Amino acid sequence: MTRTNSGVRWHHAIPIAIGLTFGIFAFALSVPRLVTQLTGVEGSFRAEHCTWEEDSDGDPQTTCKGSFTASDGSFTIRGIEIEGRFETRPKAPVASLVSGPSADKAVRPDFRTSLAPMVLGLTGFAFPAWALTSATRDALDRRRRRRDGAEGSTATAETADPAAAADVSG
């Protein structure tokens, strides 16, 4: 009898790969930003150069580069980009955070922008968990059916001829 693979089938691997890829991507985007928001240096960002783009709804939004000055005045970073978009070019300094004096991006202190990708990442990790649970359940079910089928065939052979069974026992 040839034994077949009772483990993960190829159709289980698709949601596992998609979920892990999506989850890792979402966490890679959100974790550094969240760490900066929790442990970063507070200060203000002053926009010096902004570019306008249209979003998916056709509304204009800006992406800005400028300078960041720590609130205690200990350092200033020139040519830094701020994450996020603005409706219009900011005329006043914007409250922001950076990871340190060598940072290349400033982050606005808004936790929703970090937590939303993390929640999406956790949702992405739910797909591999579902697929592994499904694969395990399928493998156990196939093994159980194979075992029950083998036991059932020996039980039918013994009970097929009661006279022969009586001769063996007596």
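Predicted, not measured: the structure shown is a model, and the values here were computed from it.

1. Structural notes on the state of the cysteines
Under the criterion given, the structure shown has one disulfide. Disulfide pairing is shown between C50 and C64; the S-S distance is 2.2 Å. Its S-S torsion of approximately 105° makes the covalent link between C50 and C64 right-handed. In this pair, C50 sits in strand β1 (residues 41-54) while C64 sits in strand β2 (residues 60-70), placing the two residues 14 residues apart along the sequence. In this pair, the class of C50 matches that of C64, namely buried.

2. Focus: the nonpolar core
With 15 residues, the main nonpolar core has C64, F68, I77, I80, I82 and V98 as its most contacted residues. At the level of elements, β1, β2, β3 (76-82) and β4 (94-98) are the ones that each hand at least two residues to this core. Filtering out sequence-adjacent residues up to four positions away, F68 remains in contact with V41, E42, G43, S44, F45, F75, T76, I77, I80, S96, L97 and V98.

3. Describing the pattern of salt bridges
Where charged atoms of side chains with opposite charge meet at close range, the side chains can pair. Following the criterion strictly, the structure yields three salt bridges and no others. One salt bridge connects E83 with R33, and the closest N-O pair in it is separated by 2.2 Å. Residue E83 is found in the loop between β3 and β4, and its partner R33 is found in helix α1 (residues 10-39); the two are separated by 50 residues along the sequence. Taking the relative accessible area as the measure of exposure, R33 reaches 15% and is therefore buried. Among the ionic pairs, R145 bridges to D141, the shortest N-O distance being 3.2 Å. With R145 and D141 both in helix α2 (residues 112-160) and four residues apart, this pair spans about one turn of that helix. Residue R145 is classed as exposed on the basis of its relative accessible area, which comes to 54%. Classification of D141 as partly exposed rests on a relative accessible area of 31%. Residues joined by salt bridges that share partners form a network here, namely D141, R144 and R145.

4. A word on the packing of aromatic side chains
The full count for this structure, using the stated rule, is two aromatic pairs. When the centroid spacing of 6.1 Å and the interplanar angle of 35° are considered together, the rings of F68 and F75 count as tilted. Here F68 and F75 have matching classes, each one buried.

5. Thoughts on a negative patch on the surface
Together, E54, D57, D59 and E87 line one region of the surface with negative charge. Of note, D59 is situated in the loop between β1 and β2.

6. Side note on the pairing of β1
Alignment of β1 against β4, held across five bridges, turns out to be antiparallel. Bridging across to β4, E42 finds its partner in L97. Examined bridge by bridge, β1 and β2 share 11 bridges and lie antiparallel to one another. Within β2, the position partnered with T51 by the bridge is T63.

7. Considerations on the sheet that holds β4
Ordered in space as β4-β1-β2-β3-β5, the five strands form an open sheet in which the pairing is mixed. Each of the sheet's edge strands pairs with one partner strand only, and the pair in question is β4 and β5 (105-106). With five bridges connecting them, β2 and β3 associate as antiparallel partners. Looking at β3, one finds that F68 is bridged to I77.

Calculation rules
Every chain is numbered on its own, with residues counted from 1 as its sequence reads. In view of the model being predicted, local features appear only for residues whose pLDDT reaches at least 70, and side-chain atom pairs are presented and counted only at 80 or more, with totals across whole chains, interfaces and linings using the full set of residues. Side-chain descriptors were evaluated using all non-hydrogen atoms of the structure, hydrogens and water having been removed beforehand. Here, two cysteine sulfur atoms that lie within 2.5 Å of each other are counted as a disulfide. A run of H or I in DSSP counts as a helix once it spans at least four residues, and a run of E counts as a strand once it spans at least two, with each numbered from the N terminus. Buried, partly exposed and exposed residues are distinguished by accessible area as a fraction of the type maximum, computed with a 1.4 Å probe on protein chains only: under 20%, between the cut-offs, and over 50%, respectively. Among buried residues, the Ala, Val, Leu, Ile, Met, Phe, Trp, Tyr and Cys ones that are joined through side-chain atoms within 4.5 Å form a nonpolar core. Whether two residues are in contact is decided by their heavy atoms, any of which lying within 4.5 Å being enough. Salt bridge, as used here, is a side-chain nitrogen of Lys or Arg placed within 4 Å of a carboxyl oxygen of Asp or Glu. We call Phe, Tyr and Trp rings a pair once their centres come within 6.5 Å, taking the six-membered ring for Trp, and we label the pair stacked below 30 degrees between planes, edge-to-face above 60, and tilted otherwise. The residues that make up patches have over 30% relative accessible area and no salt bridge, and they are joined within 9 Å when like-charged or within 5 Å when they are Val, Leu, Ile, Met, Phe, Trp or Tyr. In this description, accessible areas are obtained by the Shrake-Rupley approach with a 1.4 Å probe, and a residue is regarded as covered only by the protein chains that are shown. Positive charges come from Lys and Arg, negative ones from Asp and Glu, while His and the chain ends are left out of the count. Lys charges are placed at NZ, Arg charges at CZ, Asp charges at CG and Glu charges at CD. Whether two strands pair depends on DSSP finding at least two bridges between them.

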